[in-house]
Amino acid sequence: MKPIKNGSPRAGAAALAALFCIACGAFGGTADAADTKVGTDGAMFLKLPTGSPRVQALGNNGVSIVEGGEAMSVNPAGIASAQMREFSFSYLNWVQGYGGQYLSYIHPVGQAVIGVNLAYYTINGFDVRDDQGVPQYGTDVKVRNGYTSVTLAKGFFLEKFLVGVTAKEVLEDNGDAQNRNTVFDAGAILKLGRKLSLGWAGQNFSGKSHQVVKVQRVGGAWEFNPFLTLALEQRTYSDRKGKLGGGVEFNLPEELLQVGRVSLRAGYSPSDNFGRNMTDKTLDTLGMNDISGWAFGVGIYSAQTMGYGMGLDYTMAPYGALGKATQLALRFQF
């Protein structure tokens, strides 16, 4: 591989790609010597669980239980269970100043459900330096990444078997080059009885070779009772080996509280060690300075807010010296 000078826009893209490899590695598992393809594919922002703080809080595990608008970024089959129209918005604050916004709308049509969404990512304060390490303050490197998609899903056998497909237009612009790709997702969820659900999703297929990272998810969830659910999932990326992760969700049902449902979540996926954080006051207060791979979240939902359904979800995931990633989402059902 040819060396890249730090002062060029291409250096900005390379540095950003390195950041993605590090950050997304927290969801893919620890890299080892045999994982020679790590970071070789593009559009790595598609690994991020934008639009679903719930799945992020479960350690990016939830292919078999994701529902509503958040499902389009994880498993398109999940929107098939929607009984109402839903609008959702989320903001993801990733590490090192990278962040994204996510908008979605789903609409039941007959026995099917249609969904559309839009995600957009950028980075603040991008640090560009020359080959001597001197900051280039006059250099303007614009990072614009995102995608828009359309999803169609349908339930069969009394909503016990859900399937969905997505067509997605992906843009990656990291300063030196711009790539556009049309890719496709597909997914299925099988509900066996009231407790066990199984799910599969394949994402970003038919894109140009190595320009879009491909993702495969296989997982299951067991609902012990209305209060406790355990999720397990194996994720495999086209640029690295798969790893197994899991998450747990504890619910206080709306029927019990009378005013809404409260959910507490935690999850883990094998992660690289990113070192100890010395600057984030929140992580220091919580004693999470050197923790990575874990995620924690809370959700509040009510079906009785002025006759509509409304939900609020928040997730925090520490990444050691890199800081923390947070995501906040609002959804409105009508």
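Placed above this text is the structure.
The following refers to the structure shown. Quick caveat: nothing in here was measured; it's all calculated off a predicted structure.

**Brief notes about unusual backbone geometry**
Next up, step 1: Unlike most non-glycine residues, Ala43 shows phi in positive territory, near 50°.
Next up, step 2: Position of Ala43 relative to the elements: it lies in the loop between α1 (9-28) and α2 (53-57).
Next up, step 3: Taking the relative accessible area as the measure of exposure, Ala43 reaches 1% and is therefore buried.
Next up, step 4: Although it is not a glycine, Asn204 sits at a positive phi angle of roughly 70°.

**Quick look at the pattern of salt bridges**
Next up, step 1: Inspection of every chain in the model, using the stated rule, returns 11 salt bridges.
Next up, step 2: A salt bridge links Asp280 to Lys324, with the shortest nitrogen-to-oxygen separation between them at 2.8 Å. Residue Asp280 is found in the loop between β11 (261-268) and α4 (281-286), and its partner Lys324 is found in strand β14 (residues 324-333); the two are separated by 44 residues along the sequence.
Next up, step 3: Three or more residues are tied together by salt bridges with common partners; here these are Arg54, Glu249, Arg265, Asp313 and Arg331.

**Considering the packing of aromatic side chains**
Next up, step 1: Tallying each qualifying case throughout the model produces 8 aromatic pairs.
Next up, step 2: Between Trp94 and Tyr319, the aromatic rings sit 5.4 Å apart at their centres with planes inclined by 50°, giving tilted as the arrangement. One end of the pair, Trp94, is in the loop between β1 (86-93) and β2 (98-109); the other, Tyr319, is in the loop between β13 (308-318) and β14, and 225 residues separate them in sequence.
Next up, step 3: We classify Trp94 as buried; its relative accessible area is 2%.
Next up, step 4: Under the relative-accessibility criterion, Tyr319 is labelled buried at 2%.
Next up, step 5: Through a chain of ring-to-ring contacts, the aromatic side chains of Phe45, Tyr98 and Tyr121 assemble into a single cluster.
Next up, step 6: Taking NZ or CZ as reference, Lys47 lies 4.6 Å from the ring centre of Tyr237, over its face.
Next up, step 7: When the ring centre of Tyr147 is taken as origin, the NZ or CZ atom of Lys168, which lies over that ring, is 5.1 Å away.

**With respect to the environment of Leu328**
Next up, step 1: Along the chain, Leu328 turns up in strand β14.
Next up, step 2: Relative accessible area serves as the criterion here: at 40%, Leu328 is assigned to the partly exposed category.

Conventions and cut-offs
- Residues numbered from 1 in each chain as written.
- Predicted model: local features only at pLDDT ≥ 70, side-chain atom pairs only at ≥ 80, totals over all residues.
- Heavy atoms only, no water.
- Helix = DSSP H or I, 4+ residues; strand = E, 2+ residues; numbered from the N terminus.
- Buried < 20%, exposed > 50% of the residue type's maximum accessible area, 1.4 Å probe, protein only.
- Salt bridge = Lys/Arg side-chain N within 4 Å of Asp/Glu carboxyl O.
- Phe/Tyr/Trp six-rings, centres within 6.5 Å; stacked < 30°, edge-to-face > 60°.
- Lys NZ or Arg CZ within 6 Å of the ring centre and 35° of its normal.

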